[in-house]
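One-letter residues, chain by chain:
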Amino acid sequence: MPSSTSRNINYMVTSEEDDLWGLTVTTVGYQRIEENEVYPPASHPSGYYFNPEKGRVLNEYQLLYITNGNGVFTYGTTNRQTSYITEGKMFFLMPGVWHSYKPLGKSGWNEYWIGFKGKIIDNIVEEGFFINRPPVFTIGLNERIVDLYLKAIEIASEERAAYQQALSGIVMHILGLMYYRDTTRDFQDEE
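Report on the accompanying structure.

Focus on the overall build of the protein chain
Okay, so step 1: From N to C terminus, the protein chain includes four helices and eight strands.
Okay, so step 2: When the helices and strands of the protein chain are placed in sequence order, the string is β-α-β-β-β-β-β-β-α-β-α-α.
Okay, so step 3: Its C-alpha atoms put the protein chain at 45 × 35 × 35 Å along the principal axes.
Okay, so step 4: Here the protein chain holds 191 residues, and 50% of them are scored as buried.
Okay, so step 5: Within the protein chain, counting contacts between residues at least 6 apart in sequence, those at least 24 apart form 74% of the total.
Okay, so step 6: Roughly 9,800 Å² of accessible area belongs to the protein chain as shown, and the carbon and sulfur atoms make up 50% of that amount.
Okay, so step 7: Positive and negative charge centroids in the protein chain, built from 16 and 24 side chains respectively, lie 6 Å apart.

Encoded structure:
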C-alpha cells in the first residue's frame, strides 16, 4: 500500500491507436479516506466527482477494491440494491448503470480503482460474465491484486510508450483473479 501519500490519482487520455488495441484505461489510483473525512474528496476531477446521496452514471467500467474499512455500495437502474462493503471486497461498475458508494464515517476506507473501456471488455460482458449477478465480489485481502494496482499506478504515472497496452494487460489480470477468487472462495485458503 502506498505509504508516502494518502492519494495517488491518474486520469489518462487515449489515442486512436490505443483504442485499436481493444481495451484502454481511463483512470487508476489509490486513496485512503480517514474516519469522518468528506467523501469523495474535493480534489476529485469534475468528470468523476459525484454526490454520494445522488449517485452517478459512468460511460466506462471500473473496478474498486477495498482493502481496509467499511462502506456501502448502491446500484441499479430501476431496482436499486445496497451492499455492505467490507475489506477484501471488490465492486464492478458498469457503464450506463446508476451507482453510489461511500465509506462509513466511523471507519473510512482504503480504495484502489481502475477504470477502462473497449471492445474486449464489452465482449466479455456480452458473453454473460459479470452480469445477472450482484456486482460485488468477495475476494479477500490479496497481495497479488494490490501489487497489480500499484504497478498500474506506476505505469500510468510514467506514461511511457505503449503504457496503455501494459495497463490493459493488468486490467485483464485483475479481472481474471477477481473472477477466480470469487468463484472459488469456498475452496481456497486466504493468502
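Next comes the rest of the account.
Overview of the pairing of strand E2 (residues 24–33)
Residues in a regular strand point their side chains to alternate faces of the sheet.
Okay, so step 1: Counted residue by residue, E2 has nine buried out of 10 residues, so it is predominantly covered.
Okay, so step 2: Relative to strand E7 (residues 109–117), E2 runs antiparallel, the two sharing nine bridges. Each residue of the ladder has a partner; that of Gly 29, found in E7, is Trp 113.

Calculation notes
- Residues numbered from 1 in each chain as written.
- Predicted model: local features only at pLDDT ≥ 70, side-chain atom pairs only at ≥ 80, totals over all residues.
- Heavy atoms only, no water.
- Helix = DSSP H or I, 4+ residues; strand = E, 2+ residues; numbered from the N terminus.
- Buried < 20%, exposed > 50% of the residue type's maximum accessible area, 1.4 Å probe, protein only.
- Contact = heavy atoms within 4.5 Å.
- Areas by Shrake-Rupley, 256 points an atom, 1.4 Å probe, with all protein chains shown as cover.
- Lys, Arg positive; Asp, Glu negative; His and termini not counted.
- Charge placed at Lys NZ, Arg CZ, Asp CG, Glu CD.
- Pairing = 2+ DSSP bridges.

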